[in-house]
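The lines below spell out each chain.
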Amino acid sequence: MNRANDPSRKSWVFVPNNSDFSIQNLPFGIFSEGLGGKRVGVAIGNQILDLSAVEKLGLLKNSGFHQSDFAAATLNQMMGKGKSLLCELRNKISDLLLEGSDIANKADIILIDQRNASMHLPIKIGDYTDFYSSEQHAYNVGCMFRDPNNALLPNWKHIPVGYHGRASSVINSGTPVHRPKGQQKPTDNDPPVFGPCKLLDFELEMGFITLEGKPLGDSISTAEANEYIFGMCLFNDWSARDIQKWEYIPLGPFLAKNFASSMSPWIVTLDALEPFRVPGPVQDPKVLPYLDYDGDHHIDINLQVAIQPEGSTESIVCNSNYKHMYWNMQQQLAHHTVNGCDIHAGDLLASGTISGPEEGQFGSMLEISWKGTKPFAMQDGSERKFIQDLDTVIMRGHAEKDGIRVGFGEVSTKILPTK
Ligand code: MN
């Protein structure tokens, strides 16, 4: 076991009850404060441990990491060191933050209050792939747009279906998004029209960030996959449903998806999530051997979506869980590389919308309002079928077991009117 996961560990840094950032978590992010440059930090309670400052004090000697790895605008260089050094780095950081550590008297040099820091997009994302791996979501969409008796397409239980997304428009939490414009075809018999999207939607997803993979032509097996995954984030994969409906045949998603996707700023390591592994669903029909796996590779992560109208209180519109995935990350990565496709440090692979089996657990407005036929009643008395201008969509997530909480913070995005 990673000693950083030891549930008996307590920190000399104050960690409030219900904080996502316990000493058992230690997620990595990129922050800045005042006139200082961007650099690598680790969240602990309401504070950020400044790894650049820690390294300058000589506290990370023989770790394999150097000042340039931490005085960096992204986590990519640090991630380039590979899984085992990154795992040991988190263990060393845990030791430094452990109750009784003699660096507690350096707190004013190495800790920054999160309220005084700005968080930045943590990764220079090379490639972004989006899957479609929640059975309930695929079933709901199939019911709405095709046939409830044949809701899943014939390939769905054989292939973790996915498509290549757009890396350039993945943005940090807090970055507002203007309502996209595009072609729509509101009626079958009239020609298409151009204008602001009328059916703007979120997709509740989680993303995982890869480490440097194998050379082009080689594959990563399900058994090897964990060695190539650094960590996870919350991910809101914004979608323009009316644009999507008109454009997606025959090549799939394009402008309905690539205007923005929002990610949470802290990357929670796969190591920190190990204690929260759970069994996945029985996969029937049996998958092909390259997609088969041993052990528990699903993860119990509570997920929540809230909509906050301008100047009003938020309404919780969804409570879901990452364990509801049909295909797990190991299968997704094995499938992605089975043809020899190469992955690199800083690639982003997203889950697809995560919907649970019950109403109240659906991960998009498309499903919550059932294509706009069932408006959602908000706390402030208004209704939502889709997302309105000046709404802020907030996603939160955490794992919790035996009193230990490992969370992601949030990804929050405000929608502005069309430019
Ligand atoms: Mn998506």
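Residues numbered from 1 in each chain as written. Predicted model: local features only at pLDDT ≥ 70, side-chain atom pairs only at ≥ 80, totals over all residues. Heavy atoms only, no water.

A.B. asks: Which residues make up the pairing of strand β25 (residues 392–401), and what values do they have?
C.D. replies: Within β25, seven of the ten residues are buried, leaving the element largely enclosed by the surrounding structure. Bridge count for strand β20 (residues 302–308) against β25 is seven bridges, and the pairing is antiparallel. Within β25, the position partnered with Ala306 by the bridge is Ile394. Pairing geometry for β25 and strand β26 (residues 404–416), over nine bridges, is antiparallel. (Buried < 20%, exposed > 50% of the residue type's maximum accessible area, 1.4 Å probe, protein only. Helix = DSSP H or I, 4+ residues; strand = E, 2+ residues; numbered from the N terminus. Pairing = 2+ DSSP bridges.)

A.B. asks: Let's hear about the side chain of His137: which residues, and what values?
C.D. replies: Residue position: His137 is located in helix α6 (residues 135–145). Of the polar contacts made by the side chain of His137, one reaches the side chain of Glu367; its length is 2.7 Å. In this structure His137 touches Tyr132, Thr353, Ser355, Ser364 and Glu367, once residues within four positions along its chain are discounted. (Polar contact = N/O pair within 3.5 Å; in protein donor to acceptor, adjacent residues only side chain to side chain. Contact = heavy atoms within 4.5 Å.)

A.B. asks: Could you give an account of the coordination of the manganese ion, naming the residues involved and the relevant values?
C.D. replies: Coordination of the manganese ion by the protein is provided by Asp130 (OD), Glu203 (OE), Glu205 (OE) and Asp237 (OD), with metal-donor distances spanning 2.1 Å. Within one chain, the residues serving as donors to the manganese ion are arranged as D-x72-E-x1-E-x31-D. Placement of Asp130 in strand β6 (residues 128–131) and of Glu203 in the loop between β12 (200–201) and β13 (204–210) is noted, with a sequence separation of 73 residues between them. Each member of the pair, Asp130 together with Glu203, is buried. (Donors = N, O, S within 2.8 Å, 3.2 Å for Na, K, Ca; no water.)

A.B. asks: Residues and numbers for the nonpolar core, please.
C.D. replies: Judged by nonpolar contacts, the single largest core of 56 residues is most densely connected at Phe202, Met232, Ile301 and Tyr322. In terms of residues, this core owes the most to one element, β26, which gives five residues. Val40, Phe65, Met263 and Leu348 belong to the second largest nonpolar core, which has 40 residues in total. (Core = buried A, V, L, I, M, F, W, Y, C linked by side-chain atoms within 4.5 Å.)

A.B. asks: Run through the pattern of salt bridges, naming residues and quoting values.
C.D. replies: Taken as a whole, this structure holds 22 salt bridges when the rule is applied. The partner of Lys214 in a salt bridge is Glu224, with the nearest N and O atoms 2.9 Å apart. Here Lys214 is found in the loop between β13 and β14 (229–236), whereas its partner Glu224 is found in the loop between β13 and β14, with ten residues between them in sequence. (Salt bridge = Lys/Arg side-chain N within 4 Å of Asp/Glu carboxyl O.)

A.B. asks: An account of the sheet that holds strand β3 (residues 47–50) is requested, with residue identities and associated values reported.
C.D. replies: The strands that make up a sheet pair up through hydrogen bonds in the backbone, lying either parallel or antiparallel. Overall, antiparallel pairing links the five strands, which are arranged β4-β3-β2-β1-β5 in an open sheet. Looking at strand neighbours, the two that pair on one side only are β4 (111–113) and β5 (118–120), the edges of this open sheet. Across the sheet, the axes of successive neighbouring strands diverge by a mean angle of 50 degrees, strand direction being ignored. (Axes fitted to C-alpha atoms, helices over the stretch in contact; angles between N-to-C directions.)

A.B. asks: Account for the sheet that holds β26, with residues named and values stated.
C.D. replies: Read from one edge to the other, the open sheet built from five strands follows the order β9-β26-β25-β20-β21, with strand pairing classed as mixed. The open sheet has two edge strands, β9 (177–178) and β21 (315–321), and neither has a second partner.

A.B. asks: If you had to explain the environment of Gly100 to someone new, which residues and values would you point to?
C.D. replies: By the element assignment, Gly100 lies in the loop between α4 (83–97) and α5 (107–110). When the C-alpha atoms of Gly100 and Trp12 are compared, they prove to be 6.9 Å apart, with 88 residues separating the residues in sequence.

A.B. asks: Help me get a handle on α4, residues and values and all.
C.D. replies: The end-to-end C-alpha separation of α4 is 21 Å, in line with the 21 Å expected for 15 residues at 1.5 Å each. Here α4 has its buried residues at Lys83, Leu86, Cys87, Leu89, Arg90, Asn91, Ile93, Ser94, Leu96 and Leu97. (Expected span 1.5 Å × (residues − 1).)

A.B. asks: Go over the packing of aromatic side chains, please, and point to the residues and values.
C.D. replies: In this description, a pair of aromatic rings is defined by centroid distance and the angle of the planes. Enumeration according to the criterion identifies seven aromatic pairs in this entry. Taking 5.3 Å as the distance between ring centres and 65 degrees as the angle between the ring planes, the aromatic pair formed by Tyr128 and Phe235 counts as edge-to-face. With a gap of 107 residues between them, Tyr128 in strand β6 and Phe235 in strand β14 connect regions that are remote in the sequence. Ring geometry for Phe362 versus Trp370: centroids 6.5 Å apart, planes at 40 degrees, classification tilted. When its relative accessible area of 8% is taken as the criterion, Phe362 is described as buried. (Phe/Tyr/Trp six-rings, centres within 6.5 Å; stacked < 30°, edge-to-face > 60°.)

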